[in-house]
Amino acid sequence: LTKPRLYTAVTTVEQNGRVLDTYETRFGIRTIKFDEARGFFLNGELVKLQGVCNHHDLGALGTAFNTRAAERQLEIMKELGVNALRTSHNPPAPELLDLCDRMGILVMDESFDCWERGKTPNDYSLLFKDWHARDIRAQLRRDRNHPSIILWSSGNEIPDIAYNKKARAISNELSAIIRAEDT
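Residues numbered from 1 in each chain as written. Predicted model: local features only at pLDDT ≥ 70, side-chain atom pairs only at ≥ 80, totals over all residues. Heavy atoms only, no water.

Caption draft 1: Looking closely at the overall build of the chain. Of the regular secondary structure elements, the chain holds 5 helices and 9 strands. For the chain, the α and β elements follow one another from N to C terminus as β-β-β-β-β-β-α-β-α-β-α-β-α-α. Taken along the three principal axes of its C-alpha coordinates, the chain extends 50 × 50 × 40 Å. For the chain, the residues scored as buried account for 36% of the 183 residues in total. A fraction of 58% describes how many contacts in the chain between residues 6 or more apart in sequence connect residues 24 or more apart. Surface accessibility of the chain: about 11,600 Å² in total, with carbon and sulfur atoms responsible for 49%. Both charge centroids of the chain, one from 25 positive and one from 26 negative side chains, sit 3 Å from each other. (Helix = DSSP H or I, 4+ residues; strand = E, 2+ residues; numbered from the N terminus. Buried < 20%, exposed > 50% of the residue type's maximum accessible area, 1.4 Å probe, protein only. Contact = heavy atoms within 4.5 Å. Areas by Shrake-Rupley, 256 points an atom, 1.4 Å probe, with all protein chains shown as cover. Lys, Arg positive; Asp, Glu negative; His and termini not counted. Charge placed at Lys NZ, Arg CZ, Asp CG, Glu CD.)

Caption draft 2: Summary view of the layout of surface pockets. Here the largest pocket is characterised by a volume of approximately 460 Å³. In terms of lining residues, the largest pocket is bounded by 19 residues, among which Ile 150, Leu 151, Trp 152, Asp 182 and Thr 183 are the most central. With 5 residues, the single largest contributor to the lining of the largest pocket is strand S9 (residues 149-153). The residue inventory of the lining of the largest pocket, partitioned by class, reads 9 nonpolar, 6 polar and 4 charged. What the second largest pocket holds in volume is close to 260 Å³. In this structure, the second largest pocket is lined by Tyr 23, Glu 24, Thr 25, Arg 26, Pro 94, Asp 98, Arg 141, Arg 142, Asp 143, Asn 145 and His 146. Only strand S2 (18-28), helix H2 (94-103) and helix H3 (125-143) provide two or more residues apiece to the lining of the second largest pocket. At 4 residues, S2 tops the list of elements feeding residues into the lining of the second largest pocket. (1 Å grid on protein atoms, 1.4 Å probe; cavity = no way out; pocket = protein on both sides within 12 Å on 5 of 7 lines; lining within 4 Å. Points joined across faces, edges and corners; volume = space filled by probe spheres on them. Nonpolar A, V, L, I, M, F, W, Y, C, P; charged D, E, K, R; others polar.)

Caption draft 3: Looking closely at the sheet that holds strand S4 (residues 39-42). Taken in spatial order, the 3 strands line up as S3-S4-S5 in an open sheet, and their pairing is antiparallel. Looking at which strands have only one partner, the edges of the open sheet turn out to be strand S3 (32-35) and strand S5 (45-47). Neighbouring strand axes in the sheet, compared pairwise and without regard to direction, differ in orientation by 35° on average. With 3 bridges connecting them, S4 and S5 associate as antiparallel partners. Bridged to Leu 42 within S5 is Glu 45. (Pairing = 2+ DSSP bridges. Axes fitted to C-alpha atoms, helices over the stretch in contact; angles between N-to-C directions.)

Caption draft 4: How the structure looks around the pattern of salt bridges. Taken as a whole, this structure holds 10 salt bridges when the rule is applied. Taking the shortest distance from any N to any O, the salt bridge between Arg 68 and Glu 75 comes out at 3.4 Å. By relative accessible area, which is 31% here, Glu 75 ends up partly exposed. Its salt-bridge partner being Arg 144, residue Glu 181 comes within 3.4 Å of it at the nearest N-O pair. Remark: Arg 144 occurs in the loop between H3 and S9 and Glu 181 occurs in helix H5 (residues 167-181); sequence separation between them is 37 residues. Residue class for Glu 181 comes out buried when judged on its relative accessible area of 15%. (Salt bridge = Lys/Arg side-chain N within 4 Å of Asp/Glu carboxyl O.)

Below you can see the structure in the form of structure tokens.
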């Protein structure tokens, strides 16, 4: 895959001619198209997605993000022919998305591993009702400038799908939030 061209926009906050803050936003420009008959197109070129599911932990290194370890993991995956990954069950570390941008790896950015019905005691299901809309909006707004992201996922292995009559309504609500934030 061709690596995207990355740019930096600088936002400056001033008051009475005095700079109070500056913030750099990295972003990339690319076009994507999913065609049900022909496949996935990146910048007008047909691309076969060869993806993996990537859990956020780094095995024996644990779950604290280690940039070089994640980079090495992605390098190994690329050597195996991987060009896409799905972040599993939770929003990815921003540093992982930065690596994917730089290395030309496409991403399905995933938000939840449960909605209203939990999997374990004290999991996100206890917060979902009050926080899901704010949390998914925050994730989308944080991640939407990454050219590596080609898909958003509102969840995977969601127990509600099998057990909650409101699952379709929840899915539709999450999809509407995603579309409102990123067309």
